[in-house]
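# Working through the structure, step by step
These are the residues of each chain, in order.
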Amino acid sequence: MNKTLRFIVHRSSFIVLLVLACAQPQEPRHAVQRVVSLAPNVTEMLFALGCGSKVVGTDNFSDYPEGASRLPRVGGVEPNIEKIVSLHPDLVIASASNAHPNLRHALEAAHVPLKVITTDHLAQVDSSMRDLARALGCPNPPRVALELEQQRRKRAKPPRILFAVWTEPLYVAGTGSFVDDLFVLTGAQNAVSAPGWPQYSFESFAAHPPDLLLYPSKSVKREAVDALLRRANVHVYAVPVDENLFTRPGPRMPLAAAALNHIIDLWEMSH
Amino acid sequence: MLAIRGVSYAYDSVVAVRDLTADFQRTQLVALTGPNGSGKSTLLKMLARVLAPDAGTIDFEDRDLAAWRPKEYARRVGYLPQDPDPTFPMRAFDVVLSGRAPFLGRFEWESDADREEAHRALAQCDAADLTDRYLDEMSGGERKRVFLARVLAGHPKLILLDEPLASLDVSHVQQFSRLLRDIVGRTETTVIYATHDLNWAAAYSDRMLVMQRGSLALDAPPAELMRPDVVRDLFGFDARVVDGWLVPRLP
Amino acid sequence: MLLLLAALVIAIFVASTFGTASVSWRDAIAGEPTARTVLFDIRLPRVLLAALVGAALASAGVTFQTLLRNPLADPFILGVSGGAACGAAVTTALGLARIPGVVSIVAFLGACAATAAVFVLARRREYTDPTRLLLSGLVLNALFSAIILIAFALAPAGDLTAALRWMMGTLFGATWNDVVLLLAFVIVAMIALFTIGGDLRMLAFGEDDAKSRGVDTERIKLIGFAAGSIVTGAAVAVSGIIGFVGLLVPHLMRLMWRRDYRVLLPLSTVGGAILLVLADLASRLALPDSELPVGAFTAILGVPFFLSLLRRSR
């Protein structure tokens, strides 16, 4: 059952990629000077590529780097099209995973070109950045693939890691995501075998606890994690992580990988 | 005017009316009685073209019911179901005016003449004072009068009423029975109404039909029904007749 | 009626005048490009789409309430919303929601399939029983919720947010294409409903009564439910599930003018358009940069008005 589902999900995202690749809109011929970014990871990419000065507006959640948080905000999943237009961008960039189904039509009607990047997997971060650099003529080439490669580890006994985004109930990072890819890269494995961001079975958690539990430091409290472990009556090495680092498939992914390696190294030493 | 020939109707496997034959002339007040579930409502529904008989024929003015165009038939025959209730609050006048619907074309609205008819029908049922009242704030007796006016607004030749006397108190039963009598006399219509009240039916109607398990058990003038032996046979209870009024014998 | 139409025109004008970007009609007519784009390509189609969606939902609502003889009926009661949402959720779970337009098409197909299924389930001996219709709709909606929950549990996290916003109902990203498409559906449904209006109102007293008045009740029910469902399905396809309009507006109109279906249909249609145009305006302006779900504002604007009318009526 699980395998079939994973197959369907993988296969369909493949089709999506294919269709998106075919359906890419004609890119503006003149050099792009004014860009609105609709996702935090896109904003981070643009700044990392040295194109930060071209960004004239961002979504409400772009808070990194420093320069980005001072730019005009245009909204969340349903951005304010009127506001976008009033910023006079020659290109709007969105991330496929949180783009509203109506976004493309809406921007088309407003005569604003849209570029959608897909970063479902870790490998797509570098290629997306390369793509953006080409489209915008950015000075810095992306180094993400290179830096990620430096974080690749082979471990004799891959630790099983659970990334809990919420503890009550237990929501976790499943397979088929860049978080999963991060685990593989650093020589670990995901304790979860379900796709997406599933609710994890508490019984499985108690019966077969992971070696490591990661949780976002801002949205999940230490006490909540302790309560979870107490209730399951298990001892798990639980570590808070910077959620923005771990949940944004952008130029800081190598930092996430480095942090993860550090965490795993510490865990290995203590065992 | 109305000829019923060997009519039957069954709901799934339950037979409600079985091979029933009867004839009706103009200007008659006919009471249709019989125990619960004997098929009175089903018979009335067939006469109103709400249900089509499984077998047999019904002719109205020498034409089979199925051959009538629905609206044409509705202009001649008025039917009042048991306890009709408009889902949303409605003014008495609008209720009565809706009785003119069979006379309107597809996109046509009620004319002043239709309004005139509605006022006339309300007056005929002693309900002129209810014209602007809302149905949901009326007593049971007042509602019955309004709905009778709705039927009369179409000047029907044949009026079918399903238990119009149910849930009325004694004085309203008498008032309403008298009203029916009056209407038959004044408008030369035939009224067939279902009722459980043998005494009032006998006191006012020209003719009484008794149904039993879907068949006609008796079709006679009231005097023939109001006899202790007949009542025991048909309704299964002991009664004596005092001043033409059935009085049950209490143990 | 004329008063309501005038109110609609004013509402449309006001709603297209105000927005987060401050542009003026004068600039737009003079040809200033930003003003033209904002007013003619973004705001006007959105306001008009709001009016059409409101009209579609309210006309379906008043039709269903009359046909089912149930004051609690709304356009979504026969499974239209469940079918549409289910289509959208499954599309999202399969990752197909990222292809533009797919969600709308699948949602519309889902709505049609659900309505057809409800009808088949409720029909027995050539008779469509309103109670069975209601129950079938209820049960199918429950089944759809179950499928939606499963689809969501398996959907990629980011895609989920967008799908949820769609399901809450949104007029985000309205284009002229949407307006023209929905307008066609609304016109066809209106013609159908006006044609049967005189007969449909007779169902108020029950089906037996209507039949005895020469009304072909099965035909009226079929046309009424089909027209109402299709126009609801089309509205859901372009805007997701916007609640309260279809339930509230017919009651509002009934409280203000106690008339039968023939009058309530046009009144509700225009009333629904006004309410949604104003609710959309409020949802756009409530926060400086982002929008709140429009469905919340239909209730926030409509409910106090409704309650005050209810108190004043007898």
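The rules we used
Residues numbered from 1 in each chain as written. Chains lettered and ligands numbered in written order. Predicted model: local features only at pLDDT ≥ 70, side-chain atom pairs only at ≥ 80, totals over all residues. Helix = DSSP H or I, 4+ residues; strand = E, 2+ residues; numbered from the N terminus. Rg over C-alpha atoms; globule rule 2.2 N^0.38 Å. Buried ≥ 20, exposed ≤ 12 C-beta atoms within 10 Å, placed from the backbone. Contact = placed C-beta atoms within 7 Å. pLDDT = per-residue confidence, 0-100. Nonpolar A, V, L, I, M, F, W, Y, C, P; charged D, E, K, R; others polar. Pairing = 2+ DSSP bridges. Expected span 1.5 Å × (residues − 1). Axes fitted to C-alpha atoms, helices over the stretch in contact; angles between N-to-C directions.

## Things to note about the overall build of chain B
A tally of regular secondary structure across chain B gives nine helices and 12 strands. What you see for chain B is a C-alpha radius of gyration of 18 Å, in line with the 18 Å of a compact globule of 251 residues. Projected onto its principal axes, the C-alpha positions of chain B cover 55 × 40 × 35 Å. Residues classed as buried in chain B amount to 43% of the 251 residues present. Restricting the contact set of chain B to residue pairs at least 6 apart, pairs at least 24 apart contribute 64%.

## Overview of the confidence of the model for chain A
All names here are of chain A. Per-residue confidence for chain A gives a mean pLDDT of 86; residues scoring 70 or more make up 89%. Element-level mean pLDDT values for chain A span from 46 in helix 1 (residues 2–22) up to 96 in strand 1 (residues 35–37). Counted against residues more than four places away or in other chains, residues 1–28, with its pLDDT under 50, gives 33 contacts.

## Description of helix 7 (residues 178–185) of chain A
Since the α-helix advances by 3.6 residues per turn, residues separated by three or four positions end up pointing in the same direction. Residues and elements named next belong to chain A. With seven of its eight residues buried, helix 7 lies for the most part within the structure. Within the span of helix 7, buried status applies to Phe 178, Val 179, Asp 180, Asp 181, Leu 182, Phe 183 and Leu 185. Elements that come into contact with the buried residues of helix 7 comprise helix 6 (144–150), strand 5 (160–167), strand 7 (189–190), helix 10 (243–247) and helix 11 (253–270). Phi for Gly 187, located one or two positions after helix 7, is positive at around 80°.

## Considering the interface of chain B and chain C
The interface of chain B with chain C comprises 22 residues on the first partner and 18 residues on the second. Per-element accounting of the side of chain B that touches chain C gives the leading share, four residues, to helix 2 (residues 70–76) of chain B. For the side of chain B that touches chain C, the residue count by class is 14 nonpolar, two polar and six charged.

## Some points on the interface of chain A and chain C
Taken together, the 42 residues of chain A in the interface contact 37 residues of chain C. A per-element tally of the side of chain A that touches chain C places helix 1 of chain A first, with eight residues. By residue class, the composition of the side of chain A that touches chain C is 20 nonpolar, 16 polar and six charged.

## Digging into the arrangement of the chains
Comparison of the two pairs of chains in contact shows the highest number of contacts for chains A and C. For chain A and chain B, which are not in contact, the least C-alpha distance works out to 40 Å.

## Regarding the pairing of strand 10 (residues 215–220) of chain B
Residue and element names in this part refer to chain B. Pairing of strand 9 (residues 207–212) with strand 10 involves five bridges; the strand directions are antiparallel. Bridge pairing links Gln 212 to Ser 215 in strand 10. Connecting the antiparallel pair strand 9 and strand 10 is a turn made up of two residues, with Arg 213 showing a positive phi of about 45°.

## Concerning helix 11 of chain A
Residues and elements named next belong to chain A. Under the 1.5 Å per step criterion, the end-to-end length of helix 11 is 26 Å for 18 residues, consistent within 8% with the ideal 26 Å. For helix 11, every residue scored as buried is listed here: Met 253, Ala 256, Ala 257, Ala 259, Leu 260, Asn 261 and Ile 264. Residues of helix 11 that are buried make contact with helix 5 (123–136), helix 6, helix 7, strand 8 (212–216), strand 9 (237–241) and helix 10.

## Some thoughts on the sheet that holds strand 9 of chain B
Residue and element names in this part refer to chain B. Reading across from one edge, 6-7-8-3-9-10 is the order of the six strands in this open sheet, with mixed pairing throughout. The two strands at the open ends of the sheet, each matched to only one other strand, are strand 6 (77–80) and strand 10. Going from strand to strand, the sheet's axes swing by 15° on average, the running direction of each strand aside. Inspection of the sheet shows strand 6 paired to strand 7 (residues 158–162) by four bridges, in the parallel sense. When the bridges of strand 7 are listed, Val 77 appears paired with Leu 158. Against the sheet, helix 6 (residues 170–187) touches strand 3 (29–33) and strand 8 (190–194), its axis set at about 155° to strand 8.

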